[in-house]
Amino acid sequence: MDRDLAQQWARIRARLRSECGESVFRNWLKPLTLIGMEGDCIRLLVPNRSMKGWIEDQYADRLQELWTRENAAVRNIGIAHEESAGPSTDTTGATHRPAQFHKETAATRTQPRDDALNDDGPKDICGPLNSRFSFDNFIVGKPNELAFAAARRVAEAERVPFNPLFLFGGVGLGKTHLMNAIARHIRAHTPDRRIIYLSAEKFMHEFVRALRYKNVMAFKEQYRSVDVLMIDDVQFIAGKESTQEEFFHTFNSLVDQNRQIVISADKSPAEIDGIEERMKSRLGCGLVAEIHSTTYELRLGILQSKAEALEADVPDGVLEFLARKITSNVRELEGALNRIVAGATLVGRPITLDSVLDWLPDVLRANSRKVAIAEIQRSTAEHFNIKLSEMSSARRSRAVARPRQVAMYLCKMLTPCSLPEIGKKFGKRDHTTVMHAVRRVEELCNSDPAFAEDVEQLRRVLEH
Ligand code: ADP
Ligand code: MG
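These numbers come from a predicted model, not from an experiment.

Draft legend 1. Main features of the sheet that holds strand 5 (residues 195-199). With parallel pairing, 5 strands are arranged side by side in an open sheet as 5-6-7-4-8. Edge positions in the sheet fall to strand 5 and strand 8 (287-291), since each has one partner strand and no second. Going from strand to strand, the sheet's axes swing by 10 degrees on average, the running direction of each strand aside. Sheet topology places strand 4 (residues 165-169) next to strand 8; 5 bridges connect them, and they run parallel. Across the sheet, residue Leu165 finds its bridge partner in strand 8, namely Leu287. Of the strands in this sheet, strand 4, strand 5, strand 6 (228-232), strand 7 (260-265) and strand 8 touch helix 7 (residues 175-189), which is tilted by about 160 degrees from strand 6. On top of the sheet, helix 8 (residues 200-212) reaches strand 5 and strand 6; it is set at about 100 degrees to strand 5, its chief contact.

Quick look at the structure:
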């Protein structure tokens, strides 16, 4: 193999090692073998299918970035697993050994060059569509049923049903999944409709580039002539005035022509800071669908379907345990499952609850911390009969300030979180506010037995 390539790979590995830490590197990244470069695609090999899934989920973007930085000719990364690539491959990387890549293997995460779906339209600016994301493999539950129904409607409708469709929700809850599913559906069923799907960040970069190369007219023309414009993570353009201005005009022009727009963001239109009022009201004037945090049932459903897709034998007890413990978002949930499955395959042992604890100590720790603060806030609000939102509101009247202080105090006592971490969860308050709350509650407990009893009772409930 090309010596330059091997050296670039060595630098990338060194970089990943320092970014990810020794144990992650050893378990997941070290087993990656460079096979070589084919056209503009770097081929990598991993020992098995579940590791492949995990690496694609967690590291594909980063790998691609690092490669492109090292070698401008690299446009794609293809990851294959040994089971698909035939007999063992030497790990020195000294010879080029053409592996037999499944189509899906080489194409995930990167724009599949031979994908007929991508042949149409302005593909040079349409971001890659992830082939893993479809309506079929999106699990629907209460928290996302509205968003899902709205997305399907937009994908299937012959005429624009509402404009824009605005999907919002926290990170890792399925916004990008649904956007991709819409785009793929439209491309598959009405291939002559022109679609642009890209992140707001990419939109900005394209716009800046157009400014620099003085082809703003072409840029405008391109975006204003599509049938469907989909912009992911629109909160990114907050505070970026000229991009916002351009986006606003594009938006209006498309709405005027009755073309479909689909937007995603991490907050509702009204809550995104740093965008103009006129933009907010425009964004909110179609259908706004929130994707709520997952419920236990939804998490379990997702895990079951992912385990099936991985063809892994995961006991129900393990799935239930994960669904109960990992509440933050679906991406983490998926990541955890991939890690367990990959881990078990790697050491050749069946998956059990014990092995889960072995593979995921960090994930479980991080999640139990998050659960704790949220739980304390909920129980305390309930106990004092105030709204949960008052825990992070700016109101200072005693009726809400006192329970808030109690909750902060309990967070300090019952969770391993630092004062700044706690403050952040209480409406971005400063750590000194938390410190003050802790002292105040201690004083009151000393001077007021009834109050002390209240706090004690809460603590007992929470510790249970
Ligand atoms: P977001 O864009 O909201 O941050 P993503 O769409 O990237 O989140 O979702 C993160 C991961 O979780 C993806 O791998 C996605 O497929 C998966 N996911 C999220 N929600 C669901 C769901 N309801 N069913 C199946 N997979 C889901
Ligand atoms: Mg996303």
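From this point, things continue past the structure.
Draft legend 2. Representation of the packing of aromatic side chains. According to the stated counting rule, one finds 10 aromatic pairs in the structure shown. Judged by centre distance (5.7 Å) and plane angle (80 degrees), the rings of Phe203 and Phe247 are edge-to-face. Of the two residues, Phe203 is situated in helix 8 and Phe247 in helix 10 (residues 241-256); the sequence distance between them amounts to 44 residues. Summarising the burial analysis for this pair, Phe203 and Phe247 share the class buried. Of the aromatic side chains, those joined through ring pairs into one cluster are Phe203, Phe207, Phe219, Tyr223, Phe247 and Phe251.

Draft legend 3. Seen up close, the site of ligand 1. Near ligand 1 there are 19 residues, and of these Ile139, Gly172, Thr176, His177 and Glu334 occur at the shortest range. Contacts to ligand 1 include Thr176, whose side-chain N or O atom sits 2.7 Å from an oxygen atom. The separation between an oxygen atom of ligand 1 and a polar side-chain atom of His177 is 2.7 Å. Taking 560 Å² as the accessible area of ligand 1 by itself, protein coverage stands at 95%. When residues of the shell around ligand 1 are traced back to their parent elements, those giving at least two are helix 7, helix 12 (296-309) and helix 14 (330-347). Here the residues of the shell around ligand 1 are counted per class, giving 7 nonpolar, 7 polar and 5 charged.

Draft legend 4. Main features of the packing of helix 12 against helix 14. It is the contact of helix 12 with helix 14, at a shortest axis distance of 10 Å, that shows an interaxial angle of 40 degrees. Relative to helix 14, helix 12 is oriented oblique. Of the two elements, helix 12 crosses helix 14, and the hand of that crossing is right-handed. Residues Arg299, Ile302, Leu303, Lys306 and Ala307 of helix 12 form the contact with helix 14, whose participating residues are Val330, Leu333, Glu334 and Leu337. Its residues assigned to classes, the contact of helix 12 with helix 14 comprises 6 nonpolar, no polar and 3 charged.

Draft legend 5. Fine view of the layout of surface pockets. Here the second largest pocket is characterised by a volume of approximately 1,300 Å³. Lining of the second largest pocket is provided by 31 residues; of these, Gly170, Ser293, Ser328, Ala374 and Lys425 occupy positions nearest its centre. For the lining of the second largest pocket, the leading source of residues is helix 16 (residues 361-384), giving 7 residues. Considering only residue class, the lining of the second largest pocket consists of 9 nonpolar, 11 polar and 11 charged.

Draft legend 6. Quick look at the sheet that holds strand 1 (residues 33-38). Taken in spatial order, the 3 strands of this open sheet run 1-2-3, and their pairing is mixed. The strands lining the two open edges of the sheet, one partner per strand, are strand 1 and strand 3 (76-81). Put simply, the sheet's adjacent strands are angled 25 degrees from each other on average, direction ignored. Pairing of strand 2 (residues 41-46) with strand 3 involves 6 bridges; the strand directions are parallel.

Draft legend 7. Fine view of the confidence of the model for the chain. Taken over all residues, the pLDDT of the chain has a mean of 83, while the share at 70 or more is 86%. pLDDT under 50 marks residues 85-125. Its contacts with residues more than four places away, or in other chains, come to 87 contacts.

Draft legend 8. View of the packing of helix 12 against helix 13 (residues 316-325). One way to put it is that helix 12 packs onto helix 13 with a least axis distance of 9 Å and a crossing angle of 135 degrees. Here helix 13 runs oblique to helix 12, going by the angle between their axes. Read as a crossing pair, helix 12 and helix 13 show a hand that is right-handed. Between helix 12, through Tyr296, Arg299, Leu300, Leu303, Gln304 and Ala307, and helix 13, the contact on the second element is made entirely by Leu319, Glu320, Leu322, Ala323 and Arg324.

Draft legend 9. Geometry of the pairing of strand 7. The element strand 7 is largely enclosed, with a buried count of 6 among its 6 residues. Of the two faces of strand 7, the one holding Gln260, Val262 and Ser264 and the one holding Ile261, Ile263 and Ala265 are both buried throughout. In this sheet, strand 7 lies alongside strand 4 in parallel orientation, the contact comprising 4 bridges. When the sheet's bridge partners are listed, Phe166 is paired in strand 7 with Ile263. One crossover worth recording links strand 6 to the parallel strand 7 by way of helix 10, and it is right-handed.

Conventions adopted
Residues numbered from 1 in each chain as written. Chains lettered and ligands numbered in written order. Predicted model: local features only at pLDDT ≥ 70, side-chain atom pairs only at ≥ 80, totals over all residues. Heavy atoms only, no water. Pairing = 2+ DSSP bridges. Helix = DSSP H or I, 4+ residues; strand = E, 2+ residues; numbered from the N terminus. Axes fitted to C-alpha atoms, helices over the stretch in contact; angles between N-to-C directions. Contact = heavy atoms within 4.5 Å. Phe/Tyr/Trp six-rings, centres within 6.5 Å; stacked < 30°, edge-to-face > 60°. Buried < 20%, exposed > 50% of the residue type's maximum accessible area, 1.4 Å probe, protein only. Near = heavy atom within 4 Å. Polar contact = N/O pair within 3.5 Å; in protein donor to acceptor, adjacent residues only side chain to side chain. Areas by Shrake-Rupley, 256 points an atom, 1.4 Å probe, with all protein chains shown as cover. Nonpolar A, V, L, I, M, F, W, Y, C, P; charged D, E, K, R; others polar. Parallel < 35°, antiparallel > 145°, perpendicular 65-115°, else oblique. Left-handed = near helix turned anticlockwise from the far one by under 90°. 1 Å grid on protein atoms, 1.4 Å probe; cavity = no way out; pocket = protein on both sides within 12 Å on 5 of 7 lines; lining within 4 Å. Points joined across faces, edges and corners; volume = space filled by probe spheres on them. pLDDT = per-residue confidence, 0-100. Right-handed = clockwise from strand over helix to strand, strands pointing away.

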